[in-house]
There are 2 protein chains.
Amino acid sequence: MSDPSTFVESSAPPPPPSGPRPRITNRGRTAGPAANSNLDTSDIPEYEYFVAPGPRGYPPLTEFLDIVDVDMKHLPEGKNRISHKTHLFNLNALVVRRGQEFEIKIIFNRPYKPSEDKFAVEFVIGSSPQYSKGTYMPVFTSKDRQTSWKGRITDTFENTLTMGITPDPNCIVGKYHMYVAVVTPYGIRRTKREKSRDLYILFNPWAADDEVFLNDETERQECVMNEMGIIYHGSYDDIAERTWNFGQFNYGVLDACLYILDRSQMPITNRGDAVKVVRQASAMLNSRDDEGVLVGNWSGDYTYGVAPTSWTGSTDILLTYASSQRSVCYAQCWVYAAVFNSFLRCLGIPSRVVTNFFSAHDNNGNLKTDIILDENGRIDRGQTKDSIWNYHCWNECYMARKDLPAGFGGWQVVDATPQETSDGMYRCGPASVNAIKHGQMCYPYDAPFVFAEVNSDVVFYMRGKDGTLEPVKVNHSHVGRGIFTKTPGELTRKEITDQYKFEEGSTEERTVLEKAEEFGCKREQSDPPPADVDLVLPSVELAVGQDLELSVEFVNRSQQRRTVDAYVSGSVVYYTGVTSSEFLFRTPSVTIGPNKSVKELVDIEARSYMKHLVEQANLNFIVTGKVKETGQIVTAMKVVTLHNPKLFIKVSGVARVSEEMLATVQFTNPFTFNLEGIYMRMEGPGAMLPRFRYYSLLTPNSSLVWSEKFNPQRAGTTRIIASLDCPALRQVYGEESIIVEP
Amino acid sequence: MSDPSTFVESSAPPPPPSGPRPRITNRGRTAGPAANSNLDTSDIPEYEYFVAPGPRGYPPLTEFLDIVDVDMKHLPEGKNRISHKTHLFNLNALVVRRGQEFEIKIIFNRPYKPSEDKFAVEFVIGSSPQYSKGTYMPVFTSKDRQTSWKGRITDTFENTLTMGITPDPNCIVGKYHMYVAVVTPYGIRRTKREKSRDLYILFNPWAADDEVFLNDETERQECVMNEMGIIYHGSYDDIAERTWNFGQFNYGVLDACLYILDRSQMPITNRGDAVKVVRQASAMLNSRDDEGVLVGNWSGDYTYGVAPTSWTGSTDILLTYASSQRSVCYAQCWVYAAVFNSFLRCLGIPSRVVTNFFSAHDNNGNLKTDIILDENGRIDRGQTKDSIWNYHCWNECYMARKDLPAGFGGWQVVDATPQETSDGMYRCGPASVNAIKHGQMCYPYDAPFVFAEVNSDVVFYMRGKDGTLEPVKVNHSHVGRGIFTKTPGELTRKEITDQYKFEEGSTEERTVLEKAEEFGCKREQSDPPPADVDLVLPSVELAVGQDLELSVEFVNRSQQRRTVDAYVSGSVVYYTGVTSSEFLFRTPSVTIGPNKSVKELVDIEARSYMKHLVEQANLNFIVTGKVKETGQIVTAMKVVTLHNPKLFIKVSGVARVSEEMLATVQFTNPFTFNLEGIYMRMEGPGAMLPRFRYYSLLTPNSSLVWSEKFNPQRAGTTRIIASLDCPALRQVYGEESIIVEP
């Protein structure tokens, strides 16, 4: 019974109202916004009455026990700071670790009477404090009122009560506000919010109930307390090192680390979970997706920021990010790993930087790195897209992994360098090192990716005329050649390859690879028989600017004469294995008698490669060829890292805490060309905050000398670290050790 | 030897060049960009010569076998389309499923001679085709040249060759280009790119080697082929249903689904992996993080888009997203689940929409939903932040899960509704239903989250004066009360709760909960003894606008008299359990004799709730109270879904393919107030594309009548579905079944 007069009918809807769309709210979706910033706070009220106001208003709660002061820090000899191993933090506030008792002093207006006075110390974090979420935690002194945060009276003296407080070993990590609440028959009266009573609670590798518990004091001293790191780079048979100042205890660094989590909008309630914290941080350390800390740049053009090779420590980067609230330019893998390490050590999660030599990349759980040759055995650069990084740095952090079955706790790989894909976001890990070793790829997070980085085969394919590829050689041992980290408590390197892989060729290794295949890792199935001619390239140590005689040895293991038509190619490559330019190409034809070997010498003048050099000065030699008699393919690869000149650092003065000292850096231009736009940096853990200096020009053979005064802040062994960086010459470092007396 | 004349020294670096920062490139990082769009293509050349040009240029390859035409589709009776179950796609191009043979015809310029003619059919996807990545696949007819895509000659007749091609059952899913390449002694000559030869390759639940293989024809017909869905909603004891047109075979929908993956920049090489495809899609179906398909809105204000309750199918949403390239407004959980289902069925992944009644939310692996009472037993709404959704819809999809140990394949939960947190992105799954049932929370992805949705306890806490919470009642059976989906091949619902959980109170259930706790799920440990007084609220069926007499029964199971001071609260709630407004509050005090029961009746007039109604018209009654004699807490909760008026649909005409029919929708305003701004929608799977109509006003007791002509496209049972939606009255549906004769 339609009555057209009552309505206007139309098949097109009216246009929506003009103006900007309203912001979508959570109304109807959730009862309240989720707390996801440690900076947001909601103060709890000073008075909470239990009774309605009487005719003369509320009774004055001040008639009851009153709090005169709360002393968070001034216990004799910084007792909390020493026992919690937080004494190195350059911070006024109290910093403690969870699952371990700390003490505070409460000064009342009269002596505390246990029988009649009731009070609680309350800890609050984030904007919607709630007991059941762990964001509001009251702590009591009486035995029958204990929560998961334990409290007890350790001393009373006149009006002063000393209270021991043990936060839950699983509690949220971050910055808390503290209140003292006195409960009276009429209501609650609490202290006002007082910034000086804010305290930081961190992860605790010393507490057996904390998931990051690490039962080895040498490891804890290294992986939590040490600000000075050594990062390995270069090439597998010529390993170089750089010193790095993690600076995790420097002023402002702890707040910057909490800011990183805030910026990621990580819910406060998840911040007690080490697995979630490290996963979130692996995403936030790079700027992809989420405006994170560091912008990656591998292009060689760093005009708009600091060259990745120029940084000497993390402090500058973290403080700049927190103050500018913008991503910092620029990083490559070791910068990501080093800054991530600062973050982890700062929050109390044991961590270390590791370097994997010949790291397979971007092949996404596929255990093959493909090199395509043409029908004559020459590399087809247009078709070869995979690359093997000369080295790649990532982090390991230590935790129990309660989310996995037993056996997969311990060291976990996390990686903040933005890779091609890691489950749709630029992040990686935590992946259990033990799971990787045993091919248990089914456990989160990203184990197949890391497994491929250390276990990929290099497969050489010959590309047929019809576009098909035939595998002609499979190299099982090139990738993941060696994995290294700094030895705890020492200045040497420690090989940890055996924690990632069983021995090459062992039964266990085969079992693991089969296991990995069950979980969908794809390997090259064919195993073409090895040629009976071997190619050998020797290890080479070479300073930048030197000439080189490359010796290519052809070894004939057969009983017949063999002739090899070879292609010898020399390229300047980025450390990512990506080719910049080919500076050498030869096509020798070599004949080798039965069971003989022949050395083919190739002379390379420095000027042929010098003009092509990119920042890390790596030369990559690839020799491929086809044996005429058998049609078999022979290959050999060698990366030569050119050695840069060094900076010389001299430290003078009396090495004693707070005494003034002088560090002098000297550098002479050894080249025949000018160096322009030179940045120099210098810093030292616990001794010198980052300093830098700019020089516009350094002519050949002239020198620069830069001196800085500094006052060491604490006793022990430390180093002054300096870098020099300019577009024509990158990665020049120097360091000098000093032993500071107390 | 510093020589100051040669350089300018400064402690501040020069400012960086002005102007916009250059775009960071991949130079030095990767050898080439990753292919992540199915729309990007790089054509392969028409000629590839093996030899250098002679003095008269290249030899004319046209002297050899030449290709006159390639026929992709016109096999007798659409053989490929029928055998691949792709005949319903409203699309001109060939659509086939992987792991199963399809045929093409190649017409040469002369009869094909197997002994001398060599050719390959080449399939190419994405911008950097490569054999080893599966993005360039040549297919040969000769037995000794087979790749993982099999080829064979099935027929030859004069110049025409019919070739059978079987794509690898793990191949990339998407739109391929096809070429035919003839190999001559001088080079390769191939057909030019021809759009009509593009073809789509989909997942194949009918192929035993495909990871999405589903060995049940009834299930496959439902979960891949059926365009009509039924989605359950309402409340557990009064389940309602809505019909939905998934429309996965409609024109443009397949391209829209591929656009979704392109928009997410998912690497082409991952698109053969069902686990990765569904995970990526779960992130992309919502607009959070990634400008995905649908904007969530639970606020009740849908001025700037379409109300979630108004949609009747997915076609409109998917086509609008693909053409506007902007997120579509608005969705709530069933819209996300329905559109996700269209995506999955379209690509060939078996899937279904499931509804979980009383779904715990936002508690992040914590198995507790907290309700906070004050000391008198009354709900403290300021402190209660958790909510339980009356129902929540998600999807299940079927796959082998090769990435997990055996036993966790089969149905997998995926959920596109943006939740509070799922590993830092708004997405969820795939999580193995079997892993959830067995408490195996350690396997990816997001199993703890789904486990909590179906297994959380409701914990009632009493909040003490000092802010501490004491658990007073734990309800183990409220959450995850029933999980339902449509029965395959029928129009009824099927309960699948037993696929997610063991029986309440069974030994297996306890074991599973203990297992889940081992993996870090936190449960309430205390189990306060149940009170000896029970509260019972009856099931209520109520039409919107009706008065209601609520009967609250107090059952005293003790041998003593009991007095309960009760709070009866009635609120209008969103379907998310979030309270909009309280319309009823009573505080009866009830005395019950030993082993007796007392019914307390509460009269509720329609006008008390009508003015507060939000879209899905749910009333939530909560009764809490404290037993005076024992101090114990009693609680009861009941959600009443008000029944809306229905739309009446009449279909007339002869129901035969292509014959014109007429659908007439009629609605009378049963209320005493005007309905304004009315949207109506109508569509029918395989019968009518979405139509809509707008009415500005419908006065009380007046009616509207809307007729639309349509021509059914195919035989079988289908429905015409209509909805009416306006701010004052949402979620009014009607449908009418028709059986179309061939």
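Residues numbered from 1 in each chain as written. Chains lettered and ligands numbered in written order. Predicted model: local features only at pLDDT ≥ 70, side-chain atom pairs only at ≥ 80, totals over all residues. Heavy atoms only, no water.

Another aspect to go through is the sheet that holds strand S19 (residues 388-399) of chain A. Residues and elements named next belong to chain A. Spatial strand order, S21-S20-S19-S17-S24-S25: 6 strands in an open sheet with antiparallel pairing. At either margin of the open sheet sits one strand with a lone partner, and together these are strand S21 (428-432) and strand S25 (493-495). Taking each pair of neighbouring strands and ignoring which way they run, the sheet shows an average axis angle of 30°. Note that strand S24 (residues 482-486) and S25 share 3 bridges and pair antiparallel. Within the sheet, the bridge partner assigned to Lys486 lies in S25 and is Arg493. Of the strands in this sheet, strand S17 (351-360), strand S20 (410-415), S24 and S25 touch helix H2 (residues 217-225), which is tilted by about 80° from S17. This element, helix H4 (residues 274-284), spans S19, S20 and S21 of the sheet and lies at about 140° to S21. (Pairing = 2+ DSSP bridges. Helix = DSSP H or I, 4+ residues; strand = E, 2+ residues; numbered from the N terminus. Axes fitted to C-alpha atoms, helices over the stretch in contact; angles between N-to-C directions. Contact = heavy atoms within 4.5 Å.)

Another point: the UniProt feature "active site" (unreviewed entry) in chain A. Residue and element names in this part refer to chain A. Look at the UniProt record and you will see "active site" (unreviewed entry) annotated at Cys333, His392 and Asp415. These annotated residues cover 83 residues of sequence, and their C-alpha atoms all fall within 9.9 Å of one another, placing them together at a single site. Counting through the fold element by element, Cys333 comes out in helix H6 (residues 333-347). With near-sequence residues (within four places) excluded, Cys333 lies in contact with Trp298, Trp389, Tyr391, His392, Cys393, Thr417 and Tyr575. If we skip the residues at most four places from it in the chain, Asp415 touches Ser282, Phe340, His392, Cys393, Trp394, Arg427, Cys428 and Glu453. Of note is the side chain of Asp415, whose polar atom sits 2.9 Å from the backbone nitrogen of Thr417. (UniProt positions renumbered as here; feature names shortened; annotations may be inferred. Polar contact = N/O pair within 3.5 Å; in protein donor to acceptor, adjacent residues only side chain to side chain.)

Attention now moves to the domain arrangement of chain A. All names here are of chain A. Partitioning chain A into domains gives domain 1 (47-202), domain 2 (221-519), domain 3 (533-641) and domain 4 (648-740). A straight line from the C-alpha centre of domain 1 to that of domain 2 covers 42 Å. Both faces considered, domain 1 and domain 2 share a buried interface measuring about 1,600 Å² in area, 68% of it formed by carbon and sulfur atoms. Our count for the domain 1 to domain 2 interface comes out at 0 salt bridges. Where domain 1 touches domain 2, the interface holds 5 residue pairs in polar contact (both at pLDDT 80 or more). Looking at the side of domain 1 that touches domain 2 residue by residue, the classes come out as 10 nonpolar, 6 polar and 5 charged. (Domains from an automatic or database assignment. Buried area = accessible area lost by both parts, 1.4 Å probe. Salt bridge = Lys/Arg side-chain N within 4 Å of Asp/Glu carboxyl O. Nonpolar A, V, L, I, M, F, W, Y, C, P; charged D, E, K, R; others polar.)

This next bit is on the pairing of strand S38 (residues 688-698) of chain B. Walk down a regular strand and you will see the side chains alternate between the two sheet faces. Here 8 bridges tie strand S37 (residues 675-684) of chain B to S38 of chain B, and the two strands are oriented antiparallel to one another. Residue pairing across strands places Tyr679 of chain B opposite Tyr694 of chain B, the latter belonging to S38 of chain B.

The next point concerns the packing of helix H3 (residues 253-263) of chain B against helix H6 (residues 333-347) of chain B. All names here are of chain B. Between H3 and H6, the least distance of the axes is 10 Å, while the angle of their chain directions is 105°. Taken together, H3 and H6 sit at an angle that is classed as roughly perpendicular. Contacts between H3 and H6 involve Val253, Leu254, Cys257, Leu258, Ile260 and Leu261 on the former and, on the latter, Phe343, Cys346 and Leu347. Across the contact of H3 with H6, the residue classes break down as 9 nonpolar, no polar and no charged. (Parallel < 35°, antiparallel > 145°, perpendicular 65-115°, else oblique.)

Before going further, it helps to examine the packing of helix H4 (residues 274-284) of chain B against H6 of chain B. All names here are of chain B. Where H4 meets H6, the axes come as close as 11 Å, and the angle between the chain directions of the two elements is 155°. Taken together, the axes of H4 and H6 are roughly antiparallel relative to one another. Crossing geometry of H4 relative to H6 is assigned as right-handed. From H4, Val277, Val278, Ala281 and Ser282 reach across to H6, where they touch Phe340, Phe343, Leu344 and Leu347. Residue classes in the contact of H4 with H6 are distributed as 7 nonpolar, 1 polar and no charged. (Left-handed = near helix turned anticlockwise from the far one by under 90°.)

This paragraph deals with the sheet that holds strand S22 (residues 457-463) of chain A. All names here are of chain A. One open sheet accounts for 3 strands, arranged S18-S22-S23; its pairing is mixed. A strand with exactly one partner marks an edge of an open sheet, and here the two such strands are strand S18 (368-373) and strand S23 (469-475). Neighbour to neighbour, the strand axes of the sheet diverge by 30° on average, direction disregarded. Relative to S22, S18 is paired through 6 bridges, and the arrangement is parallel. Paired with Leu373 across the bridge in S22 is Met462.

On to unusual backbone geometry. Residue Tyr330 of chain B is reached from Cys329 of chain B by a cis peptide bond, and omega for that bond is 0°. Residue Pro430 of chain B is bonded to the preceding Gly429 of chain B through a cis peptide linkage, with omega at 5°. Relative to the helices and strands, Pro430 of chain B resides in strand S21 (residues 428-432). Positive phi, normally seen in glycine, also occurs at Arg401 of chain A, with a value near 55°. Among the residues examined, Arg401 of chain A registers a relative accessible area of 1% and is labelled buried. (Buried < 20%, exposed > 50% of the residue type's maximum accessible area, 1.4 Å probe, protein only.)

Residues and elements named next belong to chain A. Relative to the assigned elements, Lys501 resides in the loop between helix H9 (497-500) and helix H10 (507-518). The side chain of Lys501 sits in the buried core without any salt bridge; Glu504 is the nearest counter-charge, 5.5 Å away. A polar contact is formed between the side chain of Lys501 and the backbone oxygen of Val479, at a distance of 3.3 Å. The residues contacting Lys501, other than those within four sequence positions of it, are Lys437, Val454, Asn455, Val479 and Gly480. (Lys, Arg positive; Asp, Glu negative; His and termini not counted.)

One pass over the full model with this rule turns up 59 salt bridges over all chains. As a salt-bridge pair, Arg607 of chain A and Glu605 of chain A come within 2.7 Å of each other at their nearest N and O atoms. Residue class for Arg607 of chain A comes out exposed when judged on its relative accessible area of 62%. Across the pair Lys638 of chain B and Asp237 of chain B runs a salt bridge whose closest N-O atoms are separated by 2.8 Å. Highlighted residues: Lys638 of chain B in strand S34 (residues 633-643) and Asp237 of chain B in the loop between strand S13 (228-235) and strand S14 (238-245), separated in sequence by 401 residues. We classify Asp237 of chain B as partly exposed; its relative accessible area is 30%. One salt-bridge network, held together by shared partners, links Arg98, Asp210 and Glu211 of chain A.

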